[in-house]
Amino acid sequence: MIPERWLNLGVLTLLAAVPLVASLAGQPFTVTLATKIAIFALAATGLNIALGLGGLVSFGHAAFFGVGGYACGILASHARNYEPLSTWPWDIEGTTQMLTIWPIAVLLGGLAALVIGALSLRTSGIFFIMITLAFAQMLYYFAISWPTYGGEDGLPFYLRGDFPGLNTMDPIQFFGICFALLLAALFTFHRLHRARFGLSLEAARQNPERLRSLGIRPFHVRLLAFVISGMITALAGALYADLNRFVSPAMLSWHLSGELIVLIVLGGVGRLCGPVVGAAAYFLLEHWAGAASEYWQFWFGLLLLGVVLFARGGIVGALAKDHTHD
Amino acid sequence: MTEPILTTRSLRKSFGALAATDDVSLDLRPGEIHALIGPNGAGKSTLIKQIAGEIAPDSGTIHFAGQDITTKHAAARARLGMARTYQISSVAPDFTVLQNVVLSLVARHHGAFGLFRNVLKDRRLTDAAREHIARAGLSGRERQRATDLSHGERRRLEIAMALAQSPKLFLLDEPMAGLGTEGASELTGLLDGLRQQAPILLVEHDMDAVFALADRISVLVYGRVIATGTVAEIRANAEVRTAYLGEDA
Ligand SMILES: Nc1ncnc2c1ncn2[C@@H]1O[C@H](COP(=O)(O)OP(=O)(O)O)[C@@H](O)[C@H]1O
Ligand SMILES: [Mg+2]
């Protein structure tokens, strides 16, 4: 067992160093793989606030991922076509500026989470799981049946957004952006966790009646957690759209919601770097085992089962001592 | 005479055909310990739950600190200054003793919406929490997870959490249960001093503690208050002796 802090430091250093080396060695594919890991780690860090700290098993976080993705895709495609999004009552133009796209994606993700959370947080347990799933599926089918932005086929937009001073089409520079945002999200998670809010949120998970009788309504705490969670996952969605220069309803599908849960369970529920470790393990396994065997998901399923049965704290829990209580 | 802190008027609550609370009117005055005794199933916990706002009465009113709180939810009542402990200890099991008490302080004085500062590094909070922990007799156990505490220690933790709320009223549902004789007499000493801070509605089966502490006693049987009076009056009351004290002996 090693201190969790060291493990986190090691994992993040590796995640930064490997693509750097790969980039110097002229292996853009590895950089792209690391970028995908960073983006999914970011999305899962968002979910980790709701699921890990709040115990809210959202099976609908694809909704926020997709909202972020479509925000990015729609703005970018309008900017490339020089067609305004709307002319009345305001003129709204598309944009390719990441610094404009991100706040919009985050805001829309937060708004979606506010609406979905306000309704679904009135339930708990299996009902909460099903209701969040249902909301995400609604958006999924809406995206499929909305021809303006590609419908079922999705929406390609050819070039990544622009970031002042950077060439975002250079894989390593785009990776740098994603990695920096991941660090910012991890920092946010860490601060929230240790703050009054995190204390209350974890209490709401463990014993909501007690929290209520102490004077804090669990619903309010959970709702804010859900909104922050949705915002971070939406930001990841915007990055993922930029990575692929393409958005499609697949970003809104329940597979994606399930994948995010799996990443967290694999890495360590509620652990700071659980999503990072989970995403790295998942995509590396997909990359290697997927090349070796068509049935890699079967083997992955076995691994996941093992983690759930024998390592409740996920990979991080198995390797590092829990310092939450120090 | 001073205004009562808490007044219930004609509270009724039925579970199906069972009248768990049957026309209960009682009050709690500043500085007093009002003990609520009665056999198992008399409706003591049900009454506490209605006062705390966890279940709604079918009819009747509850006034607390000068306002009608009958329709207020439990969290609002806590913020008005109501602290309660549970017959079956209820804490955050994965939190340490210190975290539980800090949570209680936060809930009472600050609210949940601090997003940035490390709450366990806030010396004002942790120092205050340690004082309450010491007062409840749990010093040295601050870093223990609540789930690893003994039964008696968990009861003390609940007391520490209630103290941290600096309430205007304590609702204590069988705080002595499982403490053992030594623990019970320690807690008796603590509660004795506590009444100056805020009055206590004390549900308790330990008659030694009740007779030592209570300024007034109400006896609840089948949901009804059959007698209210001083220790001497209750001891002398024939109906109480047959209905309850006799049974208990
Ligand atoms: N939620 C409930 N549903 C149905 N009956 C209940 C419920 N809670 C308590 N009761 C019944 O109400 C009566 C009073 O219970 P309670 O208030 O726990 O008694 P006490 O605390 O005095 O031992 C008991 O007969 C109990 O079975
Ligand atoms: Mg009881």
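Throughout, a residue's number is its position along its own chain's written sequence, starting from 1. Each chain gets a letter, beginning with A, and each ligand a number, beginning with 1, in the order they are written. Given that the model is predicted, a residue must reach a pLDDT of at least 70 before its local features are reported, and side-chain atom pairs must reach 80 or more before they are shown or counted; all residues, however, enter totals for whole chains, interfaces and linings. Side-chain calculation: all heavy atoms of the structure are included, whereas hydrogens and water are not.

**Quick look at the interface of chain B and chain A**
- The contact criterion used is simple: two residues touch if any of their non-hydrogen atoms lie within 4.5 Å. Every contact between the two is made by 39 residues of chain B and, on the other side, 29 residues of chain A.
- Buried area, as used here, totals the accessible surface that two parts lose on assembly, with accessibility defined by a 1.4 Å probe and the loss added over both. Roughly 3000 Å² of surface becomes buried between chain B and chain A when both sides are summed, with 62% attributable to carbon and sulfur atoms.
- One salt bridge in this structure joins A:Arg205 and B:Asp94, with 3.6 Å as the shortest N-O distance.
- Side-chain atoms alone can form a polar contact between residues adjacent in sequence; in general such a contact is a pair of N or O atoms within 3.5 Å, and within protein one must be able to donate a hydrogen while the other accepts it. Where chain B touches chain A, the interface holds 16 residue pairs in polar contact (both at pLDDT 80 or more).
- Of all the elements in the fold, those that place two or more residues in the side of chain B that touches chain A are helix H2 (74–80), strand E6 (82–85), helix H3 (97–109) and helix H5 (151–164) of chain B.
- Numbering of helices and strands runs from the N terminus; a helix is a DSSP stretch of H or I covering at least four residues, while a strand is a stretch of E covering at least two. No other element matches the seven residues that H3(B) contributes to the side of chain B that touches chain A.
- The residue makeup of the side of chain B that touches chain A, split by class, is 20 nonpolar, 10 polar and nine charged. Only one rule defines a salt bridge in this text: a Lys or Arg side-chain nitrogen within 4 Å of an Asp or Glu carboxyl oxygen. Note on residue classes: Ala, Val, Leu, Ile, Met, Phe, Trp, Tyr, Cys and Pro are nonpolar, Asp, Glu, Lys and Arg are charged, and everything else, Gly too, is polar.

**Examining the packing of helix H10 (residues 254–267) of chain A against helix H11 (residues 274–292) of chain A**
All names here are of chain A.
- Put simply, H10 and H11 touch, their axes get as near as 7 Å, and they point 105 degrees apart. What the angle tells us is that H10 and H11 run roughly perpendicular. For the pair formed by H10 and H11, the contact residues are Glu 259, Val 262, Leu 263, Leu 266 and Gly 267 on the first element and Gly 274, Val 277, Gly 278, Ala 279, Ala 281 and Tyr 282 on the second.
- Among the residues forming the contact of H10 with H11, the class breakdown is seven nonpolar, three polar and one charged. Note on definitions: angles span 0 to 180 degrees between N-to-C directions of axes, and those axes are lines fitted to C-alpha atoms, for helices only across the stretch in contact. In what follows, roughly perpendicular refers to angles from 65 to 115 degrees, roughly parallel to angles under 35, roughly antiparallel to angles over 145, and oblique to any angle outside these ranges.

**Overview of a positive patch on the surface**
- Each patch is built from residues that are more than 30% exposed by relative accessible area and take part in no salt bridge. Like charges join if they lie within 9 Å; nonpolar side chains (Val, Leu, Ile, Met, Phe, Trp, Tyr) join within 5 Å. Each accessible area value is a Shrake-Rupley result obtained with a 1.4 Å probe; residue values ignore everything except the protein chains displayed when judging cover. Note on charges: Lys and Arg go in the positive column, Asp and Glu in the negative column, and His and the chain ends are not counted at all. Throughout, a charge is located at the NZ atom of Lys, the CZ atom of Arg, the CG atom of Asp or the CD atom of Glu. The grouping of A:Arg122, A:Arg212, A:Arg217 and B:Arg79 at the surface amounts to a positive patch.
- Here B:Arg79 shows up in helix H2.
- By relative accessible area, which is 43% here, B:Arg79 ends up partly exposed. Using a 1.4 Å probe on the protein chains alone, a residue whose accessible area is under 20% of its type maximum counts as buried, one over 50% counts as exposed, and one in between counts as partly exposed.

**As for the site of ligand 1**
All names here are of chain B.
- Around ligand 1 lies a shell formed by Phe 15, Leu 18, Ala 20, Pro 39, Asn 40, Gly 41, Ala 42, Gly 43, Lys 44, Ser 45 and Thr 46.
- Between ligand 1 and the protein, one listed contact pairs an oxygen atom with a backbone N or O atom of Gly 41 at 2.8 Å.
- Between ligand 1 and Lys 44 there is a distance of 2.8 Å, counted from an oxygen atom to a backbone nitrogen or oxygen.
- Relative to its unbound accessible surface of 560 Å², ligand 1 loses 60% to contact with the protein.
- Of all the secondary structure elements, the ones that give two or more residues to the shell around ligand 1 are strand E2 (18–28) and helix H1 (44–52).
- Here the shell around ligand 1 is built from residues that sort into five nonpolar, five polar and one charged. We define proximity as follows: a residue is near a molecule or strand when any one of its heavy atoms falls within 4 Å of that partner.

**Notes on the pattern of salt bridges**
- Tallying each qualifying case throughout the model produces 21 salt bridges over all chains.
- With its nearest N and O atoms 2.8 Å apart, the salt bridge here joins B:Arg141 to B:Glu153. With B:Arg141 in the loop between helix H4 (123–135) and H5 and B:Glu153 in helix H5, this pair connects stretches of sequence that are 12 residues apart.
- Across the salt bridge formed by B:Arg195 and B:Asp192, the nearest N and O atoms sit 2.3 Å from each other.
- A residue is classified by how much of its surface remains accessible, and B:Arg195, at 9% relative accessible area, is buried.
- A single network of salt bridges, built from pairs that share partners, joins A:Glu202, A:Arg205, B:Asp94, B:Arg145 and B:Asp148.

**Examining the domain arrangement of chain B**
Residues and elements named next belong to chain B.
- Source of the domain bounds: an automatic or database domain assignment. As assigned here, chain B comprises domain 1 (1–81 + 167–248) and domain 2 (89–165).
- Between the C-alpha centres of domain 1 and domain 2 there is a distance of 25 Å.
- Both faces combined, the contact of domain 1 with domain 2 buries some 1200 Å², and carbon together with sulfur accounts for 56% of it.
- For domain 1, the biggest contributors to the area lost against domain 2 are Pro 167, Leu 179 and Leu 190; these three give 32% of the whole.
- Inspection of the domain 1/domain 2 interface yields one salt bridge.
- Here Glu 186 makes a salt bridge to Arg 156, at a shortest N to O gap of 3.1 Å.
- If you look at where domain 1 meets domain 2, you find four residue pairs in polar contact (both at pLDDT 80 or more).
- Those elements that provide at least two residues to the side of domain 1 that touches domain 2 are H2, strand E7 (169–173) and helix H6 (180–194).
- Of all the elements, H6 adds the most residues to the side of domain 1 that touches domain 2, at five residues.
- Tallied by class, the residues present in the side of domain 1 that touches domain 2 amount to nine nonpolar, four polar and four charged.

**Here we look at unusual backbone geometry**
All names here are of chain A.
- In this structure, Tyr 158 is a non-glycine residue whose phi angle is positive, near 65 degrees.
- Tracing the backbone shows Tyr 158 in the loop between strand E2 (155–156) and helix H6 (171–194).
- Taking relative accessible area as the criterion, Tyr 158 reaches 64% and is therefore assigned exposed.
- Of note, Arg 245 is a non-glycine position whose phi angle comes to about 50 degrees, a positive value.

**Things to note about the coordination of the magnesium ion (ligand 2)**
Residues and elements named next belong to chain B.
- Each metal site is built from N, O and S donor atoms within 2.8 Å (3.2 Å for Na, K and Ca), and since water is not included, such sites may look incomplete. Distances from the magnesium ion (ligand 2) to its protein donors, Ser 45 (OG) and Gln 87 (OE1), fall at 2.0 to 2.2 Å. On the criterion of sequence distance, the pair formed by Ser 45 in helix H1 and Gln 87 in the loop between E6 and H3 is long-range, its members being 42 residues apart.
- A relative accessible area of 34% places Gln 87 in the partly exposed class.

**A short note on the sheet that holds strand E3 (residues 33–37) of chain B**
Residue and element names in this part refer to chain B.
- Here, a strand pair is defined by DSSP locating no fewer than two bridges between the strands. Strand order in this open sheet of six strands is E6-E7-E8-E3-E9-E10, and the pairing throughout is mixed. Each edge of the open sheet carries a strand with a single partner, namely E6 and strand E10 (224–229). Within this sheet the neighbouring strands show an average axis-to-axis angle of 15 degrees, counted without direction.
- Where E6 and E7 come together, four bridges link them in parallel fashion. From the neighbouring strand, Ala 83 faces E7, where its bridge partner is Phe 170.
- Sitting on the sheet, H6 is in contact with E3, E7 and strand E8 (200–203), with an inclination near 150 degrees to E8.

**Remarks on helix H9 (residues 218–244) of chain A**
All names here are of chain A.
- One less than the number of residues in a helix, times 1.5 Å, gives the span that helix is expected to have. Here H9 spans 39 Å end to end across 27 residues, near enough to the 39 Å set by a 1.5 Å rise per residue.
- Within H9, 22 of the 27 residues are buried, which leaves the element mostly enclosed by the surrounding structure.
- One or two residues past the end of H9 sits Arg 245, with phi positive at roughly 50 degrees.

**Considerations on the confidence of the model for chain B**
Residue and element names in this part refer to chain B.
- Mean pLDDT over chain B works out to 93, with 97% of the residues at or above the 70 mark.
- For every residue, the predictor assigns a confidence score, pLDDT, that lies between 0 and 100. Here helix H9 (residues 238–248) is the element of chain B with the lowest mean pLDDT, 66, and E8 is the one with the highest, 98.
- At the level of chain-chain contacts, confidence expressed as ipTM amounts to 0.93, with global pTM at 0.94.

**Notes on the packing of aromatic side chains**
- Here a pair means two rings of Phe, Tyr or Trp (six-membered ring of Trp) with centres within 6.5 Å. Their orientation is stacked below 30 degrees between planes, edge-to-face above 60, and tilted elsewhere. This model, assessed by the stated rule, comprises 19 aromatic pairs over all chains.
- Judged by centre distance (5.5 Å) and plane angle (45 degrees), the ring pair of A:Phe40 and A:Phe65 falls under tilted. On the criterion of sequence distance, the pair formed by A:Phe40 in helix H2 (residues 28–53) and A:Phe65 in helix H3 (residues 62–81) is long-range, its members being 25 residues apart.
- In this analysis the charged atom, NZ for Lys or CZ for Arg, is taken to sit over a ring once it is within 6 Å of the ring centre and within 35 degrees of the ring normal. A cation over a ring is seen here: B:Arg84 above B:Tyr86, with NZ or CZ 3.8 Å from the ring centre.

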